[in-house]
Amino acid sequence: MKRNALLGAVVLLAVTSASEAAADGGPGPLGVTTVAAATAQTARVGALFTADDAGAGGLAGEHFCTASVVHSPHRDLIATAAHCLGRADELVFVPGYRDGRAPYGSWRVARVFLPDGWAQGQDEDSDVAFAVLDEQDGKGVEDVVGGNRFVTRTTTGATAVTVTGYPNALEVPVRCTNRPTAHNSTQQRIDCPDLTGGTSGSPWVNGDGEVVGVLGGHEQGGATADTSYSVVLGAEAAELYRDAASDP
């Protein structure tokens, strides 16, 4: 589980979106974590809540993980870390969550898809998952905020990626861009400061708008706030995506 330490946020919060490093949104310095501006790209990323917390009308301070909308035929799919979905509570996804508000609504998780490696033994090499969301007013979540393509079998570090997520200690998302490196044959890592507890499940998005990693994996995302991990998305992730995307 990502270390749930307070961010060194006096500097972080003072940095404006103009200096953001974003592989999916423009040039900028690598390895710098900033508060993410509200954009079409960050609207696809959201915070996870339990249904009880979301229904109580007080979202602030209650989110526990991050997820993002990925493209699917039914336009109803989010990707996150498997360890974020292994709880008995009913869950709600709030895309673009910011300062206690749900600008694009709160979407109930209807079905969860976990890989066999995680479901049977919590294998850290299987720490990726999908969830199908209920529609609202006849629309899927992707109809409202769009979605990034989920892509497997990419070369680790081929391009820089942007990680966007929700630390438990903040009510706004943060983002950081850097080039991933291989931790081993099944895990990739990225050096970005202040990705603390709550950022598990954050998408790693390249400049083509493709999700090529999901924060999790080794030590459920990393034992420190400055180095984060993702499963190398391969055959197991591809099969899981196909199963989730074809869910009627």
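Rules used throughout
Residues numbered from 1 in each chain as written. Predicted model: local features only at pLDDT ≥ 70, side-chain atom pairs only at ≥ 80, totals over all residues. Heavy atoms only, no water. Helix = DSSP H or I, 4+ residues; strand = E, 2+ residues; numbered from the N terminus. Contact = heavy atoms within 4.5 Å. Areas by Shrake-Rupley, 256 points an atom, 1.4 Å probe, with all protein chains shown as cover. Core = buried A, V, L, I, M, F, W, Y, C linked by side-chain atoms within 4.5 Å. Buried < 20%, exposed > 50% of the residue type's maximum accessible area, 1.4 Å probe, protein only. Pairing = 2+ DSSP bridges. Axes fitted to C-alpha atoms, helices over the stretch in contact; angles between N-to-C directions. Polar contact = N/O pair within 3.5 Å; in protein donor to acceptor, adjacent residues only side chain to side chain. Salt bridge = Lys/Arg side-chain N within 4 Å of Asp/Glu carboxyl O. Patch = residues over 30% accessible without salt bridge, like charges linked within 9 Å, V, L, I, M, F, W, Y side chains within 5 Å. Lys, Arg positive; Asp, Glu negative; His and termini not counted. Charge placed at Lys NZ, Arg CZ, Asp CG, Glu CD.

*Asks:* Mind showing me how you'd approach the overall build of the protein chain here?
*Replies:* Across its full length, the protein chain holds six helices and 15 strands. Restricting to contacts in the protein chain with at least 6 residues of sequence separation, those with at least 24 account for 70%. Split by element, the accessible area of the protein chain, about 9,900 Å² in all, is 48% carbon and sulfur.

*Asks:* Help me understand the nonpolar core in this model?
*Replies:* Side chains of nonpolar character tend, in soluble globular proteins, to be buried together. The biggest cluster of nonpolar side chains holds 21 residues, and the ones touching the most others in it are Leu48, Val69, Ile78, Leu85, Phe93, Leu133 and Val141. Elements with a contribution of two residues or more to this core: strand E3 (65–70), helix H3 (82–85), strand E5 (91–95), strand E6 (107–113), strand E7 (129–133) and helix H5 (141–145). If sequence neighbours within four positions are ignored, valine 141 has contacts with Val69, Arg75, Asp76, Leu77, Phe93, Pro95, Trp107, Leu133 and Gly146. In this structure, Val70, Phe150, Leu233 and Tyr241 belong to the second largest nonpolar core, which totals 17 residues.

*Asks:* Before we go on, may I ask you to explain the sheet that holds E5 in this structure?
*Replies:* Backbone-to-backbone hydrogen bonds join strands into a sheet, with any given pair of strands oriented parallel or antiparallel. Reading around the barrel, the six strands line up as E2-E3-E4-E7-E6-E5 and close back on themselves, with antiparallel pairing between neighbours. Ignoring which end each strand starts from, the neighbouring axes of this sheet average 45° apart. Of the pairings in the sheet, the one linking E6 to E7 comprises four bridges and is antiparallel in character. Counted as the bridge partner of phenylalanine 113 is phenylalanine 130 from E7. Lying over the sheet, helix H6 (residues 235–245) contacts E3, strand E4 (77–80), E6 and E7, oriented at roughly 10° with respect to E7.

*Asks:* Before we go on, may I ask you to explain the side chain of asparagine 178 in this structure?
*Replies:* If you trace the backbone, asparagine 178 turns up in strand E10 (residues 174–178). Its relative accessible area of 17% is what places asparagine 178 among the buried residues. Only 2.9 Å separates the side chain of asparagine 178 from the backbone oxygen of aspartate 191, close enough to count as a polar contact. Ignoring any residue separated from it by four or fewer positions in sequence, one finds asparagine 178 in contact with Leu30, Gly31, Ala160, Val161, Ile190, Asp191 and Cys192.

*Asks:* Sorry, what's going on with the pattern of salt bridges here?
*Replies:* Close approach of charged atoms lets side chains of opposite charge pair. Counting across every chain of the model gives six salt bridges. Between glutamate 142 and arginine 75 there is a salt bridge, with the nearest N and O atoms lying 3.4 Å from each other. Linking glutamate 142 in helix H5 with arginine 75 in the loop between E3 and E4, this pair joins segments that are 67 residues apart in sequence. With relative accessibility at 29%, the residue arginine 75 sits in the partly exposed group. The partner of aspartate 143 in a salt bridge is arginine 75, with the nearest N and O atoms 2.4 Å apart. Here aspartate 143 is found in helix H5, whereas its partner arginine 75 is found in the loop between E3 and E4, with 68 residues between them in sequence. Each of Arg75, Glu142 and Asp143 takes part in a single network of salt bridges with overlapping partners.

*Asks:* I'm lost on the pairing of strand E12 (residues 187–191) in this one. Help?
*Replies:* Along any regular strand, the residues point their side chains to alternate faces of the sheet. In terms of strand pairing, strand E11 (residues 181–182) meets E12 through two bridges, oriented antiparallel. Considered in E12, the bridge of threonine 181 is made with arginine 189. Taking the residues that link successive antiparallel strands as the turn, the E11-E12 hairpin has four residues. Here E12 pairs with strand E15 (residues 227–231) via five bridges, running antiparallel. Bridged to isoleucine 190 within E15 is serine 228.

*Asks:* Whenever I open this one, the environment of asparagine 148 confuses me. Can you help?
*Replies:* Its location among the elements puts asparagine 148 in the loop between H5 and strand E8 (149–150). Separated by 77 residues in sequence, asparagine 148 and histidine 71 place their C-alpha atoms 5.5 Å apart. What asparagine 148 contacts, discounting residues up to four positions off in sequence, is Arg44, Val69, Val70, His71, Val205, Gly209 and Val211.

*Asks:* What's the story with a negative patch on the surface in this structure? I'm lost.
*Replies:* A cluster of acidic residues, Asp116, Asp123, Glu124, Glu219, Glu236, Glu239 and Asp243, forms a negative patch on the protein surface. At three residues, the largest contribution of residues to the negative patch is made by H6. Along the polypeptide, glutamate 236 turns up in helix H6. A relative accessible area of 34% places glutamate 236 in the partly exposed class.

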